[in-house]
Amino acid sequence: MTVIETATAAPVDTRPYTSFIGTVARVVELSSSMIRITCTGPDFENFGPSRYDQRIKLILPVPGRGFADFPTGADWFEQWRLQPPEQQNPIRTYTVRAFRSESAELDIDLVRHGINGPASAWASQVAAGDPVAVLGPNRRYDGEHGGVEFVPPPAGTPMLLAGDETALPAIAAILEQVPADVRGKAIIEVPHADDRLELIKPAGVRVEWLIRGDAPVGRPMIDCFAGHAAELFGSQTGTAPALPVEDDDPELEPWDVAEQGNYAWIAGEAAMIRTLRRLLVNDLGVPRTSVAFMGYWRL
Ligand SMILES: Cc1cc2nc3c(=O)[nH]c(=O)nc-3n(C[C@H](O)[C@H](O)[C@H](O)COP(=O)(O)OP(=O)(O)OC[C@H]3O[C@@H](n4cnc5c(N)ncnc54)[C@H](O)[C@@H]3O)c2cc1C
């Protein structure tokens, strides 16, 4: 009797978000504060789609173990949470700066703020050829993946983007992808003059760079934000009642996204974000439903 062995094919992974493990193809120093890492490998052929401020999770290696213990099954999060701390790969949130499907290359721009956090410490010494792992949108999933907060403004409505260096990758990606007739402003606070990166943008969007230098994080932005917003939204404020901003609890990560097309998309250090939203909603009367504001990190 002949026994025919049939190999059981692994089930196709159709989760909206999944893990991608590959290698660092390149590391480019963009400025004093920022590096770009390009990730690639066969897994990345199934990455995407990505648009606007698509967020992803960067999984950081455990010294001596790399990604060997990172659980990749459908219940990876529960498994990860149950792991002892010394075995657990740290996870941090980043933005897709660009994805090129033809070469399966994912660019992530990371701020190097010292060796005080696992992601920044990794960014200070990562090199081409190193292993890399991310959680991101899975092309084999046929629905809405989530992780995108930016919505283009309704036709004729001005757009305000504001953020610090951690929001610069998202702002750069948004400016590259919005319709060419969008008009508005992008206000970006960065640590140093050489952090002002080249941006591709619609002609009707003005970019204001603010150099922080020795000032506290958020100070340059807070000092000029109301003026810029009033200039842009002057004739539009007050069209809907401005509700008071309720989430003043400093322990809560500020996060709220616009329900309709955005007037304003604001991201960066949490305390700065809280202040900017108050200026916009309480003082200028921009409807809170038109403001996406997101704490990306906290001091
Ligand atoms: C949706 C989303 C998208 C993001 N996209 C990007 C992105 O594309 N690029 C990017 O660089 N960041 C991005 N961030 C911010 C990033 O997740 C945080 O900066 C994160 O804290 C970095 O992790 P870490 O391990 O370096 O530091 P952590 O372990 O989180 O923190 C360690 C210490 O570092 C401080 N710290 C953290 N971030 C900074 C910073 N930027 N500057 C100075 N001090 C800091 C903290 O206050 C803390 O004291 C994003 C965050 C979110 C929520």
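Residues numbered from 1 in each chain as written. Predicted model: local features only at pLDDT ≥ 70, side-chain atom pairs only at ≥ 80, totals over all residues. Heavy atoms only, no water.

Caption draft 1: Seen up close, the sheet that holds strand S3 (residues 55-59). One open sheet holds the seven strands; their spatial order is S4-S3-S7-S1-S2-S6-S5, and the pairing between them is antiparallel. Each edge of the open sheet is held by one strand with a lone partner, namely strand S4 (91-95) and strand S5 (98-100). Each adjacent strand pair in this sheet contributes to an overall mean axis angle of 35°, direction not counted. Pairing geometry for S3 and S4, over five bridges, is antiparallel. If you follow Ile-59 over to S4, its bridge partner there is Ile-91. (Pairing = 2+ DSSP bridges. Helix = DSSP H or I, 4+ residues; strand = E, 2+ residues; numbered from the N terminus. Axes fitted to C-alpha atoms, helices over the stretch in contact; angles between N-to-C directions.)

Caption draft 2: Representation of the sheet that holds strand S13 (residues 291-297). Ordered in space as S10-S9-S8-S12-S13-S11, the six strands form an open sheet in which the pairing is mixed. In this open sheet, the two edge strands, each paired with only one partner strand, are strand S10 (205-211) and strand S11 (255-256). As defined by bridge partners, strand S8 (residues 159-163) adjoins strand S12 (residues 264-269) across four bridges and the pair is classed as parallel. Opposite Gly-163, over in S12, you have Ala-267 as the bridge partner. Along the sheet, helix H3 (residues 168-177) makes contact with S8, strand S9 (184-190), S10, S12 and S13, crossing S8 at roughly 155°. (Contact = heavy atoms within 4.5 Å.)

Caption draft 3: The arrangement of the site of the ligand in detail. Near the ligand, the surroundings consist of 21 residues, among which Thr-93, Val-111, His-113, Ala-119 and Arg-298 are the closest. One nitrogen or oxygen atom from the side chain of Arg-92 is found 2.9 Å from an oxygen atom belonging to the ligand. In isolation the ligand has 910 Å² of accessible area, and contact with the protein removes 82% of it. Looking at the shell around the ligand, the elements that each hand over two or more residues are S4, strand S6 (105-111), helix H2 (118-123) and S13. When residues of the shell around the ligand are assigned to their parent elements, the largest contribution, four residues, is made by S4. Here the shell around the ligand is built from residues that sort into ten nonpolar, seven polar and four charged. When residues of the shell around the ligand are sorted by domain, at least three fall in each of domain 1 (17-137) and domain 2 (159-297). (Near = heavy atom within 4 Å. Polar contact = N/O pair within 3.5 Å; in protein donor to acceptor, adjacent residues only side chain to side chain. Areas by Shrake-Rupley, 256 points an atom, 1.4 Å probe, with all protein chains shown as cover. Nonpolar A, V, L, I, M, F, W, Y, C, P; charged D, E, K, R; others polar. Domains from an automatic or database assignment.)

Caption draft 4: Inspection of the domain arrangement of the chain at higher detail. According to the domain assignment, the chain consists of domain 1 (17-137) and domain 2 (159-297). For domain 1 and domain 2, the distance between their C-alpha centres works out to 26 Å. Listed as interface residues are 14 residues of domain 1 and, on the opposing side, 20 residues of domain 2. Summing both sides of the interface, domain 1 and domain 2 together bury roughly 1,400 Å²; the carbon and sulfur share of this comes to 58%. It is Tyr-52, Asp-53 and Arg-97 that lose the most area in domain 1 upon contact with domain 2, and together they represent 41% of the buried surface on that side. Between the two partners, domain 1 and domain 2, sit one salt bridge. Counting across the interface, domain 1 meets domain 2 through six residue pairs in polar contact (both at pLDDT 80 or more). Here the residues of the side of domain 1 that touches domain 2 are counted per class, giving five nonpolar, four polar and five charged. (Buried area = accessible area lost by both parts, 1.4 Å probe. Salt bridge = Lys/Arg side-chain N within 4 Å of Asp/Glu carboxyl O.)

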